[in-house]
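One letter stands for each residue in the lines below.
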Amino acid sequence: MVNRNINLKDKSAGNQFTGKFIVLDGPDGCGKSTQTKLLTQWLEQQGVETETFRDPGTTAIGEKIRQILLNPEHIAMSTRTELLLYMAARAQLWQEKIAPALNKNKCVILDRWLSSTCAYQGYAGGFGIEKVINIAQDCLERCWPDLTIILDVDLAAAASRLNRQLDRMEQKGDSYHQKVREGFLQLAGKQKNFAVVDATKDIETVHRKIVELISG
Ligand code: TMP
């Protein structure tokens, strides 16, 4: 587990999770949605007011953008179009949901965020991680969460968990998804406030690691 410069440990302002913005991210099939639910439940059991959102999605506009992005009929969609649509859904999510929740000092948990655009469109899609970050800096009010946890899985483990009809992004081939994984690991290696958890382990073990990580 890599754990670099994580800043959730300042307990001086009361609850250490108050007003914190935490992201769970990783390749398709990494178990992030399950872990997001478990983490939210755990935080609520600790008495932390928590709001959980998914990116892309959650807002009415974001859910429509999500449908466009994931529709398998849209095979003509270019990496640049993907990038701009993901960013648009995120800008809306920030304004409608995340900023108000953080302003009320709630803890905000996100299922995916900018780290996904870096790994998918930036690295696997070939657009470039730095270029994605530059665009995000110009169009998002806040790029980086207090902590991003990458749930790392190899292709075989991920595939065994995706036993349903695949969406347009999931249908991209193995070499694309191998690069997605590399993109996440590369980003985690150079960006502050990132941690990587081995998500090939069972659900309870991964959950305990995440709690350990955010508890400091
Ligand atoms: P989800 O099903 O995990 O919510 O994610 C939707 C899909 O969109 C998933 O295959 C990852 C992909 N994605 C990107 O390609 N770029 C992004 O910026 C985000 C947030 C997701």
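What you are looking at is a predicted structure, and each value in this text was computed from that prediction instead of being measured. (Residues numbered from 1 in each chain as written. Predicted model: local features only at pLDDT ≥ 70, side-chain atom pairs only at ≥ 80, totals over all residues. Heavy atoms only, no water.)

S.K.: Pulling in residues and values, what's your account of the site of the ligand?
M.R.: Asp28, Tyr86, Arg112, Thr117 and Gln121 are the nearest of the 14 residues found near the ligand. Within the side chain of arginine 90, an N or O atom sits 3.1 Å from an oxygen atom of the ligand. One of the side-chain nitrogen or oxygen atoms of glutamine 121 is found 2.9 Å away from a nitrogen atom of the ligand. Coverage of the ligand by the protein chains reaches 94% of its 480 Å² of free accessible surface. Element by element, the count of residues in the shell around the ligand is highest for helix α4 (residues 114-124), at four residues. When the residues that make up the shell around the ligand are grouped by side-chain class, the tally is five nonpolar, three polar and six charged. (Near = heavy atom within 4 Å. Polar contact = N/O pair within 3.5 Å; in protein donor to acceptor, adjacent residues only side chain to side chain. Areas by Shrake-Rupley, 256 points an atom, 1.4 Å probe, with all protein chains shown as cover. Helix = DSSP H or I, 4+ residues; strand = E, 2+ residues; numbered from the N terminus. Nonpolar A, V, L, I, M, F, W, Y, C, P; charged D, E, K, R; others polar.)

S.K.: Describe the pairing of strand β4 (residues 107-111), naming the residues involved and giving the relevant values.
M.R.: Among the five residues that make up β4, five are buried, leaving the element largely enclosed by the rest of the structure. Every second residue of β4 is oriented toward a common face, with Cys107, Ile109 and Asp111 on one face and Val108 and Leu110 on the other, all of them buried. Bridge count between strand β2 (residues 21-25) and β4: four bridges; the pairing is parallel. Paired with isoleucine 22 across the two strands is isoleucine 109, which belongs to β4. (Buried < 20%, exposed > 50% of the residue type's maximum accessible area, 1.4 Å probe, protein only. Pairing = 2+ DSSP bridges.)

S.K.: Kindly report on the environment of glutamate 49, identifying the contributing residues and their values.
M.R.: Structurally, the position occupied by glutamate 49 is in the loop between α1 (32-45) and β3 (50-54). For glutamate 49, a relative accessible area of 54% puts it in the exposed group. Between the C-alpha atom of glutamate 49 and that of lysine 104, which follows or precedes it by 55 residues, the distance is 9.5 Å. Not counting chain neighbours up to four residues away, the residues in contact with glutamate 49 comprise Lys106 and Cys107. (Contact = heavy atoms within 4.5 Å.)

S.K.: Summarise the packing of α4 against helix α5 (residues 129-139); cite the residues concerned and give the values.
M.R.: One can describe the packing of α4 onto α5 by two numbers: an axis separation of 8 Å at closest approach and a directional angle of 135°. The angle between the axes of α4 and α5 places the two elements in the oblique class. The handedness of the crossing between α4 and α5 comes out as right-handed. Residue-level inspection shows Leu114, Thr117, Cys118, Gly122 and Tyr123 of α4 in contact with α5, the latter providing Ile129, Val132, Ile133 and Ala136. (Axes fitted to C-alpha atoms, helices over the stretch in contact; angles between N-to-C directions. Parallel < 35°, antiparallel > 145°, perpendicular 65-115°, else oblique. Left-handed = near helix turned anticlockwise from the far one by under 90°.)

S.K.: Would you mind going over unusual backbone geometry in detail, with residue names and values included?
M.R.: Note the cis peptide between aspartate 55 and proline 56, where omega equals 5°. Along the chain, proline 56 falls in the loop between β3 and α2 (60-70). Notably, asparagine 105 is not glycine yet its phi reads approximately 65°, a positive angle. Its place among the elements puts asparagine 105 in the loop between α3 (79-103) and β4. Although it is not a glycine, arginine 112 adopts a positive phi angle of roughly 80°. Accessibility expressed as a relative area gives 12% for arginine 112, which makes it buried.

In short, the description is geometric, and any link to function would need to be established separately.
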